[in-house]
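The primary structure of each chain is shown beneath.
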Amino acid sequence: GDLEVTYWIGKTYWGRGVATKALSLFLAEQNTRPIFARAAHDNSGSIRVLEKCGFVIAGHDSAYANARGQDVDEVIMELTSRKIGRRPTRIRLYR
């Protein structure tokens, strides 16, 4: 099957760059392409994280979302290039 990356970030960390930094570091180590990801169509934060890391919209689907307890419309995103967005120089964890 296709390689797919998923992540979940606690609400207290939203908007702090944690997901973007973590995904960028992962993609710098994981060289297999393409890599796919899914985000709820209304989750603009997650879509933006993926875009910052070089993913582009490849399609749409619907699937069950555990966090919401129901089916949701999703954006399917794809990364084909080994070049990723700005690589972080360090990770700073927030408490």
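Residues numbered from 1 in each chain as written. Predicted model: local features only at pLDDT ≥ 70, side-chain atom pairs only at ≥ 80, totals over all residues. Heavy atoms only, no water.

Draft legend 1. Quick peek at the sheet that holds strand β3 (residues 56–65). The strand order β1-β2-β4-β3 describes an open sheet built from 4 strands, whose pairing is mixed. Looking at which strands have only one partner, the edges of the open sheet turn out to be β1 (3–4) and β3. Pairing geometry for strand β2 (residues 35–40) and strand β4 (residues 70–79), over 6 bridges, is antiparallel. Bridging across to β4, F36 finds its partner in E78. The sheet strands contacting helix α2 (residues 44–52) are β2 and β4, and the helix crosses β2 at an angle near 160°. (Pairing = 2+ DSSP bridges. Helix = DSSP H or I, 4+ residues; strand = E, 2+ residues; numbered from the N terminus. Contact = heavy atoms within 4.5 Å. Axes fitted to C-alpha atoms, helices over the stretch in contact; angles between N-to-C directions.)

Draft legend 2. Highlighting helix α1 (residues 18–29). Look at α1: 17 Å from first C-alpha to last across 12 residues, which is about the 16 Å you get at 1.5 Å a residue. Those residues of α1 hidden inside the fold are in contact with β2, α2 and β4. (Expected span 1.5 Å × (residues − 1).)

Draft legend 3. Geometry of the pattern of salt bridges. Counting across every chain of the model gives 5 salt bridges. Put simply, E4 and R38 hold a salt bridge, and the shortest N to O gap is 3.9 Å. Of the two residues, E4 is situated in strand β1 and R38 in strand β2; the sequence distance between them amounts to 34 residues. One salt-bridge network, in which partners are shared between bridges, spans E4, R38, D61 and E74. (Salt bridge = Lys/Arg side-chain N within 4 Å of Asp/Glu carboxyl O.)

Draft legend 4. Main features of the side chain of E74. Structurally, E74 is set in strand β4. Residue E74 is classed as buried on the basis of its relative accessible area of 11%. Engagement of the side chain of E74 in a polar contact is seen with the side chain of R38, the distance being 2.7 Å. (Buried < 20%, exposed > 50% of the residue type's maximum accessible area, 1.4 Å probe, protein only. Polar contact = N/O pair within 3.5 Å; in protein donor to acceptor, adjacent residues only side chain to side chain.)

As far as function goes, none of this settles anything; it's purely spatial.
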